[in-house]
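This is what each chain is made of:
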Amino acid sequence: MKSAVEKLSPTRVKLSIDVPFAELSPHIDGAYKSLSEKINIPGFRKGKVPAAMIDQRVGRAAVLDEAINASLPTFYSQAAKDNDVLVIGRPNVEITELVDNEKFSFTVEVDIRPDIKLPNFSEIKIEVDDVKVTDVDIDEQVESLRTRFGTLKTVDKVVAKGDFVTIDLVATKDGVELDGGVANDLSYEVGSASMIDGLDEAIIGLSKDGEKSFNTALVGMAEGETGSVKVTVKAVKERELPPVDDEFAKLASEFETLTELKADLSKRLSRVKQMEQGAQARDLLVEKLISTIDIPLPAEIIEAEVNDHLEKEGRLEDDKHRAEVNDEVKTTITREFLLDSIVKAEAIAVNESELTEYLVRASARYGMTPDQFIKEVSQAGQVTTMVAEVARAKALAQVLGRVKVVDKSGNKVDLEALAPKSEPEKSE
């Protein structure tokens, strides 16, 4: 097979492919086998019909047509690989010449990932925020610990934001109590807005045994409809926080004194802020590259993705929303093109352990077990997408290591020192 590529635009090419008939022969044999299993001819079992009989009954043209349709993906993929083009989108195929037992030629027009000229990363400078841990930062951490070790005490007072209450709820619609609409002895933090819309406004100002009804959107019982909910306050509690002293330090940590606890919190916060520097440097590098590099975008791909998105939402005629989605799609594709070009330039490969580690981390974000998440990803055909994400992250980290990163005070930031250290392999 011979092939040539013609660049129609920075994001579209035309592949011309000439296939010797000998290379089409296996596909022709396959076409005869396929057709012999589909047609009924008296005296012959299915799958055993001779080629000559198939030619007589359905015609040689039908055989060639089936063979060509079966072979196109193979020849097309090989041509794209031979010409080093990264194709995207749906190909437009045209048969240009077909001479039985002699030759077969066709062309393919298809969108491609553009060639992107990357800069010398060692000449790029990125400025990130300073690492500053203030007394306010430490006090917030101490207050968070106090909250964790606080205790609830029943009080005789009017309900206010921040209190904890024990409540009963009864949901009705048109005066009729709903199935599953009764809940008793629920514990709720007032002001958290974590239960029912309108609940906070209803109970603030009530006391023990106080009750109030309010209208709200019903959830789980009559989804999408509005009903009435009566709330009854059975108890009001305040959180009592332990005093901030050495005894608290012993209670909340492994340290003996408050001074030691605060020193440890300062160290931990400093580490967190250093990690944030790394994330900030990564994001700033991508922003800088996108703003300074010419990255052509395929109009047809963008339009197709926008239409697909709007069609799923039932908003094809919403021009304002179309403009918003169009910008989002352009931003996403621009970023993918950039990162994929870095992956290619850096010859990044993803091994099984790297993919597994990524999937395990991702499963935690979705609240699923690794096995469950991996199974769903596989069933959805998203493994290739996940591999691409790992490769992009790996490529970005690799080039970021060559970028000069400083904080706003001019100090060099060593990103490699922030990377997690792998455990050395134990010798047998």
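Details of the structure are given in the entry above.
Residues numbered from 1 in each chain as written. Predicted model: local features only at pLDDT ≥ 70, side-chain atom pairs only at ≥ 80, totals over all residues. Heavy atoms only, no water.

Asks: Is there a simple way to think about the packing of helix 9 (residues 319-345) against helix 12 (residues 383-400) in this case?
Replies: Axis separation between helix 9 and helix 12 bottoms out at 8 Å; the angle between their running directions is 70°. The pairing of helix 9 with helix 12 is recorded here as roughly perpendicular in orientation. Between helix 9 and helix 12 lies a crossing of left-handed hand. In this structure, helix 9 contributes E336, L339, D340, I342 and V343 to the contact, and helix 12 contributes A391, R392, A395, L396 and V399. Looking at the contact of helix 9 with helix 12 residue by residue, the classes come out as seven nonpolar, no polar and three charged. (Axes fitted to C-alpha atoms, helices over the stretch in contact; angles between N-to-C directions. Helix = DSSP H or I, 4+ residues; strand = E, 2+ residues; numbered from the N terminus. Parallel < 35°, antiparallel > 145°, perpendicular 65-115°, else oblique. Left-handed = near helix turned anticlockwise from the far one by under 90°. Contact = heavy atoms within 4.5 Å. Nonpolar A, V, L, I, M, F, W, Y, C, P; charged D, E, K, R; others polar.)

Asks: Looking at this structure, I do not really get the nonpolar core. What am I missing?
Replies: Nonpolar side chains in soluble globular proteins tend to be buried together. In this structure, I126, L285, L289, I342, V403 and V405 are the most contacted members of the largest nonpolar core, which totals 34 residues. Breaking this core down by element, the ones donating at least two residues are strand 5 (125-128), helix 7 (258-292), helix 8 (299-313), helix 9 and helix 12. Sort the elements by how many residues they give to this core and helix 9 lands first, with eight residues. A31, L35, I39 and F104 belong to the second-largest nonpolar core, a separate cluster that totals 29 residues. (Core = buried A, V, L, I, M, F, W, Y, C linked by side-chain atoms within 4.5 Å. Buried < 20%, exposed > 50% of the residue type's maximum accessible area, 1.4 Å probe, protein only.)

Asks: What's the story with the packing of aromatic side chains in this structure? I'm lost.
Replies: Two aromatic rings, taken as a pair, are described by how far apart their centres are and by the angle between their planes. If you walk through the whole model with that rule in mind, you get two aromatic pairs. Pairing Y366 with F373 gives two aromatic rings, centres 5.5 Å apart and planes at 20°, and the pair type is stacked. Residue classification places Y366 among the exposed residues on the basis of a relative accessible area of 58%. (Phe/Tyr/Trp six-rings, centres within 6.5 Å; stacked < 30°, edge-to-face > 60°.)

Asks: Mind showing me how you'd approach the sheet that holds strand 4 (residues 103-112) here?
Replies: Paired through backbone hydrogen bonds, the strands of a sheet run either parallel or antiparallel to each other. Taking strand neighbours across the sheet as the criterion, the four strands line up as 1-2-4-3 in an open arrangement whose pairing is antiparallel. Taken across any chain shown, the strands that pair with only one partner, and hence form the sheet edges, are strand 1 (2-9) and strand 3 (87-99). Strand-to-strand twist across the sheet, computed as the mean angle between neighbouring axes with direction ignored, equals 20°. With nine bridges joining them, strand 2 (residues 12-20) and strand 4 adopt antiparallel strand pairing. Counted as the bridge partner of I17 is F106 from strand 4. (Pairing = 2+ DSSP bridges.)

Asks: Got a minute to help me understand the pattern of salt bridges in this structure?
Replies: Note that side chains of opposite charge can pair when their charged atoms are close. For the structure shown, the criterion picks out 29 salt bridges. Here E109 makes a salt bridge to R12, at a shortest N to O gap of 3.6 Å. Taken together, the positions of E109 in strand 4 and R12 in strand 2 put the pair 97 residues apart, joining distant regions of the chain. Assessed through its relative accessible area of 15%, R12 is described here as buried. Between K234 and D168 there is a salt bridge; the shortest N-O distance is 3.5 Å. Of this pair, K234 sits in strand 10 (residues 226-240) while D168 sits in strand 7 (residues 164-173); the two residues are 66 residues apart in sequence, bridging distant segments of the chain. Each of R12, E109, D111 and E300 takes part in salt bridges that share partners, so that together they form one network. (Salt bridge = Lys/Arg side-chain N within 4 Å of Asp/Glu carboxyl O.)

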